[in-house]
Amino acid sequence: MDVIAHTTALIVGSGGNGISPAVYFKRAGITDFLIISKHSDFGGTWFQNTYPGCEVDVPSELYQLSYAVSGKWSAVYAKQPELLSYLRKVAADNDLYRHAHFETEMTGADWIAEENCWEVRTTRGLYHADFLLLATGYLEEAVIPPVPGRDSFEGRLFHSSRWPGGYTGAGDRIAVIGTGSSGMQIVSEMQKSASAVTVFQRTPTWVLPKQNRKLGPDDHESVYRTASAAARRGGEAFARRESAWSDVLLGRDPRTYEDRALKFLEEQVSDRELRAILTPEHSFGCKRTLYSDDYYAAVQRPNVRIIPEAAAEIGSTTIKSASGQEVDVDTIVFATGFYFGGHVLSHVRRRDGRSVAEVQAGHPRAYKSVSVAGCPNLFLIGGPAPNGQIWHGMFAGEATAAYVLAAMEFMAKNGLPALEVDELAEDDWKRRADEILDRGPTVVGGCANYSQDELGHNKAAWPGPLRDMAEALGTFDPSAYRVVDRPRASSGLSSGCAAR
Ligand code: NAP
């Protein structure tokens, strides 16, 4: 296979968390980097998820990059097209398109010890890089459960993240399988145009009101009048979200939120039977909270029916629930979620030749959610990172980018071609993270959720507020790392294969 490029740093992924390290590199004067992506543009989750009604559930004022603050969000919670435009603009403004190789999917990565570099296999050929940054996304790999008969269906059948371009559902009889964030948004939107929507709800989830509204010039003027006013307001809003997530995720006070969600349900749904169907049995925070102003109204419309069971069988024009309730449908939407973090680490081989996934054996871990034992010069950037995400998926990208730069600077200064995290440091960090998260509802809340790893620990959340993440990643701590090659006489970043 041809080597397409030798580069100092290869970033895999073109979502927000691929963009941030690239921007941080440029600002530090590092221009020898490439971004590869299986997608055909920047945007990540907002490129991939295009279903009608798709919008963020973190206020846009917070869900943006600190180096690209937009004062012009059209709503408190922006919709997918606006988020995609925003990320594409950030990439263009920072001249990242010329660093990007799209439609290039990583299929494997090996550390080449003699060269001190990563050899990355892709669908287009090989890349060699001194540093490998995996920003491949948290919720990227679609899960489509093998419901019997799936392949015999003659209508439209697709996963929520593979929405057919232009499909509005108008006049169709649609089955939506799944009631997570995606399913809920899809049901609320499809109900407006479909002739019938049948919702297969295996487990209800707690819903809080979103209180979304459009923003206009007056809002923009009042929020972003001065940089300091905007920063103060943003800081306060951030602190409120942090506090709420810590209350829930760390098990400090989930009851307050559960009571709020219960009250919202009671206000919105008068029918006792429907309310019972929509009332979760697990603790608040066990599954990721849903935020919606219109879901409860949507499921009470005459063209919507909730079947509180799993989808169990699919026929050529029908879908059946676990107890045998059968519905004729034109379209089946699998809003059945994602495999958190994907399987990218099964394609990355450690120095000892074993895949990271094999060694981690269902208990994914990385030191500070960034560095993986056995993998020199490799960094997880809010992607397959165990313990990388809480409520703001793009925050980790910036925090980690700063850490990567600090690591690279340390290595350049000391003439070190390759550093690898110590296995004990990695284990110790993960053990402490587990101790914290094991007390919270994602682990002991009484439900199954996508955060749980094969041992039942949380593989998704940073074990504390995001401010702690920024602090922990604010300095590079060499004591947790070891040199995997003799220091070379020359200093500088390009001491590995990229220089050849
Ligand atoms: P999800 O939360 O994992 O939900 C998957 C749903 O599919 C669950 O309700 C699950 O039921 C159900 N399911 C799976 N197999 C089923 C079957 N055979 N029959 C019936 N139901 C079945 O996935 P998601 O909704 O795509 O959301 C994933 C994450 O993406 C969210 O938590 C959020 O972080 C992010 N997201 C965010 C937004 C946003 O507003 N910003 C929008 C969409 C997604 P069980 O609960 O019983 O397993």
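**Quick word on the pattern of salt bridges**
Phase 1 of the analysis: Applying the stated criterion across every chain yields a total of 32 salt bridges.
Phase 2 of the analysis: For the salt bridge of Arg 432 with Asp 428, the shortest nitrogen-to-oxygen distance reads 3.3 Å. Placement of the pair is Arg 432 and Asp 428 together in helix H12 (residues 423-437), with a separation of four residues, close to one helical turn.
Phase 3 of the analysis: Glu 435 serves as the salt-bridge partner of Arg 431, at 3.1 Å between the closest nitrogen and oxygen. Placement of both Arg 431 and Glu 435 in helix H12 is noted, with a separation of four residues, approximately one turn of the helix.
Phase 4 of the analysis: Given the relative accessible area of 43%, Arg 431 is considered partly exposed.
Phase 5 of the analysis: The exposure class of Glu 435 is partly exposed, given its relative accessible area of 43%.
Phase 6 of the analysis: One network of salt bridges, in which partners are shared, links Arg 350, Asp 352, Arg 354 and Glu 423.

**Considering the nonpolar core**
Phase 1 of the analysis: Of all hydrophobic cores here, the largest spans 107 residues; its most connected members are Ile 19, Phe 25, Leu 96 and Leu 133.
Phase 2 of the analysis: At nine residues, the largest contribution of residues to this core is made by helix H11 (residues 395-414).
Phase 3 of the analysis: Beyond its immediate stretch of four places on either side in the chain, Leu 96 contacts Ile 19, Ala 22, Val 23, Lys 26, Phe 33, Ile 35, Phe 42 and Ala 91.
Phase 4 of the analysis: In this structure, Val 12, Trp 111, Val 356 and Ala 385 belong to the second largest nonpolar core, which totals 25 residues.

**Focus: the pairing of strand S4 (residues 106-112)**
Phase 1 of the analysis: The element S4 is extensively covered by neighbouring structure, given that six of its seven residues are classed as buried.
Phase 2 of the analysis: In terms of strand pairing, S4 meets strand S5 (residues 117-122) through six bridges, oriented antiparallel. Looking at the pairing, Ala 109 lines up with Val 120 of S5.
Phase 3 of the analysis: Pairing analysis gives two bridges linking S4 to strand S19 (residues 348-349), with the strands arranged parallel.

**Brief notes about the environment of Asp 41**
Phase 1 of the analysis: Secondary-structure assignment places Asp 41 in the loop between strand S2 (33-36) and helix H2 (45-48).
Phase 2 of the analysis: For the pair Asp 41 and Leu 132, spaced 91 residues apart in sequence, the C-alpha separation works out to 20 Å.
Phase 3 of the analysis: In contact with Asp 41, not counting residues within four places along its chain, are Ser 14, Phe 47, Arg 88, Tyr 97 and Phe 102.
Phase 4 of the analysis: In terms of polar contacts, Asp 41 uses its side chain to reach the side chain of Tyr 97, at 2.7 Å.

**With respect to the sheet that holds strand S9 (residues 173-177)**
Phase 1 of the analysis: A sheet is described by the order of its strands in space; here five strands give the open sequence S8-S17-S9-S10-S13, paired in parallel fashion. Each edge of the open sheet carries a strand with a single partner, namely strand S8 (156-159) and strand S13 (304-307). Neighbouring strand axes in the sheet, compared pairwise and without regard to direction, differ in orientation by 15° on average.
Phase 2 of the analysis: Across five bridges, the pairing between S9 and strand S10 (residues 196-200) is parallel. Opposite Val 176, over in S10, you have Val 199 as the bridge partner.
Phase 3 of the analysis: The strands touched by helix H4 (residues 181-190) are S9, S10 and strand S17 (331-334); relative to S9, the strand with the most contacts, the crossing angle is about 165°.

Parameters at a glance
Residues numbered from 1 in each chain as written. Predicted model: local features only at pLDDT ≥ 70, side-chain atom pairs only at ≥ 80, totals over all residues. Heavy atoms only, no water. Salt bridge = Lys/Arg side-chain N within 4 Å of Asp/Glu carboxyl O. Helix = DSSP H or I, 4+ residues; strand = E, 2+ residues; numbered from the N terminus. Buried < 20%, exposed > 50% of the residue type's maximum accessible area, 1.4 Å probe, protein only. Core = buried A, V, L, I, M, F, W, Y, C linked by side-chain atoms within 4.5 Å. Contact = heavy atoms within 4.5 Å. Pairing = 2+ DSSP bridges. Polar contact = N/O pair within 3.5 Å; in protein donor to acceptor, adjacent residues only side chain to side chain. Axes fitted to C-alpha atoms, helices over the stretch in contact; angles between N-to-C directions.

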